[in-house]
Amino acid sequence: MKIWISLAFVLALDAGAADAPPRISPARTPAQAGLTDIRTLVPDIAETIHYAGSDNFTGAPVDGYRAPKCFLRTAAAEALARVERGLRGEGYRLMIWDCYRPARAVANFVRWAGDLGNAQTKTAHYPNLGKDKLLGEYIAPVSGHSRGATVDLTLMHCDDKGCAVLDMGTDFDFFDPRAHTDFPGIDAAQRANRQRLLRAMAKEGFVNYPQEWWHYSLPSAASDTLFDVPVE
């Protein structure tokens, strides 16, 4: 069964908790949206933008991602640059997986979640759940990423031989309680790694979403509207 859902309907789903669905900004460029490419502040920051390619839970490039780039509202980008600088002094660095997310990408996620016949990524991303359980609990119909101040990321430990991604207990976009930041079943080293990331991000005002250890937002920098500017 395949369900096609328009972007307007996706946004309307969010109206239950408010008087009206969230507005989409008329901005058509990153500059108009007040979005900054993080690499203008940290040219060598590590990025693996999964939604620009096929290595993600949908198994295909996602609508709105025309290039593997990280844009954030300028204040959030500046705060993230400070996190990176602080970590480098301790022998660590960030690895960024996603930043600003166009509203059309979120609509793409909702359509994918409704296509129950497509389960090609189940083993890697939701091995313990039926796909019909993802929408709402794990895939939101409206994402804070579209407000420009949310980032998905992890930590790397670096030395003179290079950098290695730390073991956090799950991969990115693993739809399972094991991905909850304080999940009790991970080992001590994995918990310490998650807490190191939490402390570094909190120092600059970023707040973690408890169900996803990789997900952080800077509320003070978020727009009051959603953006649908393509990432390019």
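Just above, that's the structure.
Residues numbered from 1 in each chain as written. Predicted model: local features only at pLDDT ≥ 70, side-chain atom pairs only at ≥ 80, totals over all residues. Heavy atoms only, no water.

Caption draft 1: Fine view of the state of the cysteines. Summed over all chains, the structure comprises two disulfides. Bridging Cys-70 to Cys-99, the disulfide has an S-S length of 2.0 Å. Every disulfide takes its handedness from the sign of the S-S torsion; for Cys-70 and Cys-99 that torsion is -90°, giving left-handed. Here Cys-99 lies in the loop between strand 4 (92-98) and helix 4 (103-114) and Cys-70 lies in the loop between strand 2 (46-47) and strand 3 (71-73), a separation of 29 residues in the sequence. As far as the burial class goes, Cys-70 and Cys-99 line up, both buried. (Disulfide = S-S within 2.5 Å. Helix = DSSP H or I, 4+ residues; strand = E, 2+ residues; numbered from the N terminus. Buried < 20%, exposed > 50% of the residue type's maximum accessible area, 1.4 Å probe, protein only.)

Caption draft 2: Spatial organisation of the side chain of Asp-98. With respect to the element layout, Asp-98 can be found in strand 4. Looking at Asp-98, its side chain comes within polar contact range of the side chain of Tyr-65, at 2.8 Å. Apart from the residues lying within four places of it in its own chain, the contact partners of Asp-98 are Ile-49, Tyr-51, Tyr-65, His-145, Thr-150, Val-151 and Asp-152. (Polar contact = N/O pair within 3.5 Å; in protein donor to acceptor, adjacent residues only side chain to side chain. Contact = heavy atoms within 4.5 Å.)

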